[in-house]
Amino acid sequence: MATLAWIFGIIGGLCAIMGIVTATGAIPLLGPEFTAMFWLVIGAIWLLASIACAVAHSNYE
């Protein structure tokens, strides 16, 4: 689960960076639906998923 948490965290971080870049206007919008708010919300969802994977314990006794 730790590897999955790392992957989700990296994807979430990249989405957040994309949101910041889109908000500053450094690159034009990819489409009318891909706004800065879209990227930041998707990034937050991925980061929450990474936290969930990081704290999940699968102990089989």
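Residues numbered from 1 in each chain as written. Predicted model: local features only at pLDDT ≥ 70, side-chain atom pairs only at ≥ 80, totals over all residues. Heavy atoms only, no water.

Peer 1: So, the overall build of the protein chain: which residues are in play, and what are the values?
Peer 2: Of the regular secondary structure elements, the protein chain holds two helices and zero strands. Scaling as 2.2 N^0.38, a compact globule of 61 residues should have a C-alpha radius of gyration of about 10 Å, whereas the protein chain reaches 14 Å, well beyond that. Dimensions of the protein chain along its principal axes, counting C-alpha atoms only, are 55 × 15 × 15 Å. Each of the 61 residues in the protein chain was classed as buried or not, and the buried ones make up 20%. Across the protein chain, every contact between residues at least 6 apart in sequence was considered, and the portion connecting residues at least 24 apart equals 57%. Approximately 4,500 Å² of the protein chain is accessible, and the part contributed by carbon and sulfur atoms is 76%. (Helix = DSSP H or I, 4+ residues; strand = E, 2+ residues; numbered from the N terminus. Rg over C-alpha atoms; globule rule 2.2 N^0.38 Å. Buried < 20%, exposed > 50% of the residue type's maximum accessible area, 1.4 Å probe, protein only. Contact = heavy atoms within 4.5 Å. Areas by Shrake-Rupley, 256 points an atom, 1.4 Å probe, with all protein chains shown as cover.)

Peer 1: I'd like to hear about the packing of aromatic side chains, residue by residue, with values.
Peer 2: Per the counting criterion, the structure on display carries four aromatic pairs. Consider the rings of Phe-34 and Phe-38, whose centres lie 5.2 Å apart with planes at 65°: the pair is edge-to-face. Among the aromatic residues, ring-to-ring pairing joins Phe-34, Phe-38 and Trp-39 into one connected group. (Phe/Tyr/Trp six-rings, centres within 6.5 Å; stacked < 30°, edge-to-face > 60°.)

Peer 1: Explain the environment of Val-41 to me, using residue names and the numbers behind them.
Peer 2: Within the secondary structure, Val-41 sits in helix H2 (residues 36–55). Note on Val-41: relative accessible area 40%, which makes it partly exposed.

Peer 1: Please give an account of the side chain of Ser-50 that cites residues and values.
Peer 2: Locating Ser-50 in the fold gives a position in helix H2. Residue class for Ser-50 comes out buried when judged on its relative accessible area of 10%. At 2.7 Å, the side chain of Ser-50 and the backbone oxygen of Leu-47 are in polar contact. If near-sequence neighbours (up to four positions away) are discounted, Ser-50 is found in contact with Ala-5, Phe-8 and Gly-9. (Polar contact = N/O pair within 3.5 Å; in protein donor to acceptor, adjacent residues only side chain to side chain.)

Peer 1: Summarise the packing of helix H1 (residues 2–24) against H2; cite the residues concerned and give the values.
Peer 2: At a minimum axis distance of 7 Å, the contact between H1 and H2 shows a crossing angle of 165°. Here H1 lies roughly antiparallel to H2, going by the angle between them. Crossing handedness for the pair H1 and H2: left-handed. Its residues assigned to classes, the contact of H1 with H2 shows 18 nonpolar, seven polar and no charged. (Axes fitted to C-alpha atoms, helices over the stretch in contact; angles between N-to-C directions. Parallel < 35°, antiparallel > 145°, perpendicular 65-115°, else oblique. Left-handed = near helix turned anticlockwise from the far one by under 90°. Nonpolar A, V, L, I, M, F, W, Y, C, P; charged D, E, K, R; others polar.)

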